[in-house]
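Summary of structural features
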Amino acid sequence: MASTNDPLLQPFTLKHLHLRNRVVSTSHEPAYSEGGMPRARYRLYHEEKAKGGVALTMIGGSSIVAADSPPAFGNLHLYKDEVVPWLRELADGVHQHGSAVMCQLSHLGWRASNFSDDWLPLMWPQRGREHAHRSFTKQMEDWDITRIVRQYAEAAQRCQAAGLDGVEIEAYGHLFDAFWSPGNRREDGYGGDLEGRVRFPLQVLAAMRKAVGPGFIIGVRMAVDEAMPGGLSEQEGLTIARTLADHGMDFISVIKGRIDSGEALARVIPGMGTPAGPHLELAGAVRRTVPVPVMHAARISDVATARHALREGLVDLVGLTRPHMADPYLLAKVAAGQEQRIRPCVGASYCIDRIYISGEAHCIHNPATGREARIPQLTPPSPAPGKHVVVVGAGPAGLEAARVCAERGHRVSVLEAASHAGGQVRVAAAPLRRRELIGVVDWRLAECERLEVSFRYHCYAEANDVLALAPDVVIIATGGIPDCEFLEEGNALVHSSWDVLTGDFTPQGSVLVFDGNGGHQAMSCAETLAQMPGVSVQLVTGETSLGPDVGGLNMPAYLKVFVAHGVQQTFSQRLVGVRAAGSQKLARLWCEATGEHYERRVDHVVVEHGTLPMDELYFALKGLSRNRGELDHEAFIGIREQQVNTQPEARFQLFRIGDAVASRDIHAAIYDGLRLSLAI
């Protein structure tokens, strides 16, 4: 069991609210709502964290208080009375597991679109346009101010009526804090000096307090330092924080920076390749300034950093938000003395980026998060344990299948051709900035060791190797190899992105990188090449933008390198062929828009076009298996036992997962392994 002196596990009282420990999941919006309501999926996501031991879970990131704050990414509709019963059901579900729950509310201001929902003009203290969301705003009139102040109060009342423990006002890049920003130059008493600029926020706070009474908790998550030219300075931010506390704000959740652009947002929510807890010093300054509790979450990805923040007195409550998406039971594991078993947050920012790419948050290596209605976070034992499962391939798909099958009570043998596990994750994690991805592999290896999974390395398995093990189930997770065969000519003249990322190819001169995938692979390859001495890079894509599957939080790190090293970028042109031209290469590009071909003379061509499945073993075993490799999709999706028996006399079932089926990504590979194995 954990030490009773562990600061993470110490109770804390916030106003009247007893919290069982010092760890919170801070406000965020996973986009699990339905029609702006926090229905079953939303509730189960937060209930799971409560089961895992979190003290306080904050729901509804940027929940909207008015119709002229249209949802940008699944935000809850706090301006509608119908939200109350859904919030009540969620609050009851969280409370029954011992956690408190609060909701963040906001008027998004310019962080939305004029061209969605009710098509109302967006509000801002003055006319303007945010770079990220690109809509022009109306300058708020006096009656707009009166109305929105009232709507903040009404939203807080709905949360109180639902039985929530409190609310939090969002104040970084939204309407509430737009008034106190130095950029507010209104001349009607709501701008100018600091006293005028805090007038609107204080009116909102007063109205909310009047609506919910003195006992209900109201906090703020605010940018204390906007960290931008002409933005709010730390000194002014500390003054505002103290002013809010003096006027009845019950806690301060500290943010550093603004979120007006992708670059700025990536600094507010830093990911892999950045220091741990980069804004803790600012949080400590706030705690020394205000007489109310302080919480903070930004790149606090592990319990060691969280303990440091508490022991050094930098915060009263520490946010482990993305780590709870990776492992909602992390506190239960700390309390049980099993800290080494915590599934790590690897800082990939896949969770946030997927909201904008596919419309909902997903953890890169915990597919159960957000799918709790169908997939358990804790692996249950099999009703019929004792099968021998042979997994071929120790990449992310194979490791997940091995882990889950072993957790369910089966005997598991893994055959791996390489000298070590990891597959394509090792390629992706090769650049220094992305090395934390290896945590996806390391955690699974540690779990497999605990579960006594057998591994054979340097084993390029053939059919006889598998059959000799007398398996009941065979899972082919052999992954893929780079697809360099898509060109009309010159396939043998190109290198793959893997060659660059693994260090097998270190060129000199001009390099054309063709991205026929759209993910991190080509972007990471171009980033690596651009930083090599004596190399100039041309990045060509058939898309209309760079890396459409990379996401806004990851893109700035690439762009920083591309700009610094002069990477030439070409859009809407596809590489269709390569020819030798003396010691150089002639790359032939085709533009669909013009119907024309173009040529580039370069020293080297590197391509990224996904992977080709390594499926020889699968097809060698297919005719010998009971199901002839067939996967019942309905059973697979529903996490039910696979019962295809095309050849009932055969001994084993055969399945393939991950990139051995088709080129995808880490999350998809792990999701394959999990879904299949939960039904074995």
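Reading the values: the criteria
For every chain, the first residue of the written sequence is number 1, and numbering continues from 1 onward in sequence order. Selection of residues for local features in this predicted model requires a pLDDT of at least 70, selection of side-chain atom pairs for listing and counting requires 80 or more, and totals for whole chains, interfaces and linings are taken over all residues. Where side-chain values are given, they derive from all heavy atoms of the structure, hydrogens and water being excluded. The helix count covers DSSP runs of H or I at least four residues long, the strand count covers runs of E at least two residues long, and both are numbered beginning at the N terminus. Burial classification: accessible surface area is computed with a 1.4 Å probe over protein chains only, and a residue below 20% of its type maximum counts as buried, one above 50% as exposed, and the rest as partly exposed. In what follows, residue pairs with any heavy atoms lying within 4.5 Å of each other are defined as contacts. Only the protein chains shown count as cover for residues, and the accessible areas themselves come from Shrake-Rupley with a 1.4 Å probe. In this tally, Lys and Arg are treated as positive and Asp and Glu as negative; His is ignored, and so are the chain termini. Where a charge lies is defined by one atom per residue type, namely NZ (Lys), CZ (Arg), CG (Asp) and CD (Glu). Criterion used throughout: strands pair if DSSP finds at least two bridges between them. Axis definition: a line fitted to C-alpha atoms, over the contacting stretch in the case of helices. Angles run 0 to 180 degrees between N-to-C directions. UniProt positions are given in the numbering used here, feature names are shortened, and annotations may be inferred rather than shown by experiment. In the sections that follow, a salt bridge refers to a side-chain nitrogen of Lys or Arg positioned within 4 Å of a carboxyl oxygen of Asp or Glu. Each Phe, Tyr or Trp ring, with Trp reduced to its six-membered ring, pairs with another whose centre is within 6.5 Å; inter-plane angles below 30 degrees give stacked pairs, above 60 give edge-to-face pairs, and intermediate values give tilted ones. Placement of a positive charge over a ring is assigned whenever Lys NZ or Arg CZ falls within 6 Å of the ring centre and within 35 degrees of the normal to the ring plane. A pair of cysteine sulfur atoms is labelled a disulfide when the two atoms are within 2.5 Å. For this analysis, a nonpolar core means a set of buried residues of the types Ala, Val, Leu, Ile, Met, Phe, Trp, Tyr and Cys, connected via side-chain atoms within 4.5 Å. Expected helix span is computed as 1.5 Å times (number of residues minus one). Each polar contact in these results corresponds to two N or O atoms within 3.5 Å; when the atoms are within protein, one needs to be able to donate a hydrogen and the other to accept it, and residues that are neighboring in sequence are counted only if both atoms are side-chain atoms.

The next point concerns the overall build of the chain. Helix and strand content of the chain: 23 helices and 27 strands. For the chain, the C-alpha atoms occupy an extent of roughly 80 × 60 × 45 Å along the three principal directions. By residue count, 60% of the 680 residues in the chain fall in the buried class. Look at the contacts in the chain between residues 6 or more apart in sequence, and 71% of them connect residues 24 or more apart. For the chain, the accessible area works out to roughly 26,000 Å², and carbon and sulfur atoms hold 50% of it. In the chain, 67 side chains carry a positive charge and 78 a negative one; their mean positions are 3 Å apart.

Ordered by their spatial adjacency, three strands build an open sheet running β22-β23-β24, and the pairing between neighbours is antiparallel. Only two strands of the sheet have a single partner each, and these edge strands are β22 (574–581) and β24 (596–602). Averaged over all adjacent pairs, the angle separating strand axes in this sheet is 25 degrees, with direction ignored. Bridge count for strand β23 (residues 584–591) against β24 is seven bridges, and the pairing is antiparallel. Opposite W590, over in β24, you have H597 as the bridge partner.

Strand-to-strand pairing in sheets goes through backbone hydrogen bonds, with the strands running parallel or antiparallel. Read once around its circumference, the closed barrel built from eight strands follows the order β3-β4-β5-β8-β9-β10-β11-β12, with strand pairing classed as parallel. On average, each strand axis in the sheet is inclined to that of its neighbour by 30 degrees, with strand direction left out of account. Judged from the two bridges that link them, strand β11 (residues 294–296) and strand β12 (residues 317–319) form a sheet pairing that is parallel. Each bridged residue has a counterpart across the sheet, and for M295 the counterpart in β12 is L317.

Mapped onto this structure's residue numbering, the UniProt feature "domain: NADH:flavin oxidoreductase/NADH oxidase N-terminal" (unreviewed entry) falls at residues 8–339. A distance of 12 Å separates the end C-alpha atoms of residues 8–339, which is 36% helix and 17% strand.

Tracing the backbone shows L559 in helix α20 (residues 555–564). Along the chain, L559 and V292 lie 267 residues apart, while their C-alpha atoms are 40 Å from each other.

Tallied over the full model, the rule gives 37 salt bridges. One salt bridge in this structure joins R651 and D472, with 3.6 Å as the shortest N-O distance. Placement of R651 in the loop between α22 (633–637) and β27 (653–656) and of D472 in the loop between α17 (463–467) and β16 (473–476) is noted, with a sequence separation of 179 residues between them. Note on R651: relative accessible area 45%, which makes it partly exposed. Through salt bridges with shared partners, one network takes in D68, K138, E141, D144 and R147.

All told, the structure shown has 12 aromatic pairs when counted by the stated rule. Relative to Y457, the ring of F455 has its centre 5.8 Å away and its plane inclined at 15 degrees; by these criteria the two rings are stacked. Above the ring of Y671, the side-chain terminus of R371 is found at 3.9 Å from the ring centroid. The ring of Y558 is capped by R433, whose NZ or CZ atom sits 4.8 Å from the centre of that ring.

Next up on the list: the state of the cysteines. Applying the stated rule across the entire model yields zero disulfides. Here C159 is not cross-linked by a disulfide; its sulfur's nearest cysteine counterpart is in C103, at 4.4 Å. You can call C159 buried: its relative accessible area is 0%.

Here the focus is the nonpolar core. Counting 101 residues, the largest nonpolar core has L105, Y152, F200 and M222 as the members making the most contacts within it. With seven residues, helix α3 (residues 142–161) is the largest single contributor of residues to this core. Membership of the second largest hydrophobic core comes to 37 residues, among which are V346, Y350, V473 and F655.

Before going further, it helps to spend a moment on helix α1 (residues 40–51). If you check α1, its first and last C-alpha atoms are 16 Å apart, about what 12 residues at 1.5 Å a residue would give, namely 16 Å. Along α1, the positions that sit buried rather than exposed are Y42, R43, Y45, H46, E47, E48, K49 and A50. Residues of α1 that are buried sit in contact with β3 (23–25), β4 (56–64), α2 (83–95) and α11 (321–326). Where α1 ends, the next residue or the one after it, G53, has phi of about 110 degrees, a positive value.

Turn by turn, an α-helix covers 3.6 residues, leaving residues three or four places apart pointing in a common direction. Those residues of α20 that sit buried are M555, P556, Y558, V561 and F562. Next to the buried residues of α20 lie α8 (262–268), α19 (520–530), β20 (535–541) and β21 (568–570). At the C-terminal side of α20, G566 shows a positive phi close to 65 degrees.

This part covers the side chain of D327. Note that D327 resides in the loop between α11 and α12 (330–335). For D327, a relative accessible area of 5% translates into the label buried. For D327, the side chain forms a polar contact with the side chain of K333, separated by 2.7 Å. Among all residues touching D327, those that are not within four sequence positions of it are K333, R341, I342, R343 and N366.

Once that is clear, we can look at the pairing of strand β5 (residues 100–106). Most of β5 sits out of view: seven of its seven residues are buried. Of the two faces of β5, both are covered, the one formed by A100, M102, Q104 and S106 as well as the one formed by V101, C103 and L105. Relative to β5, β4 runs parallel, the two sharing six bridges. Paired with S63 across the strands is L105, a residue of β5. Where β5 and strand β8 (residues 166–171) come together, four bridges link them in parallel fashion. Looking at β8, one finds that C103 is bridged to V167.

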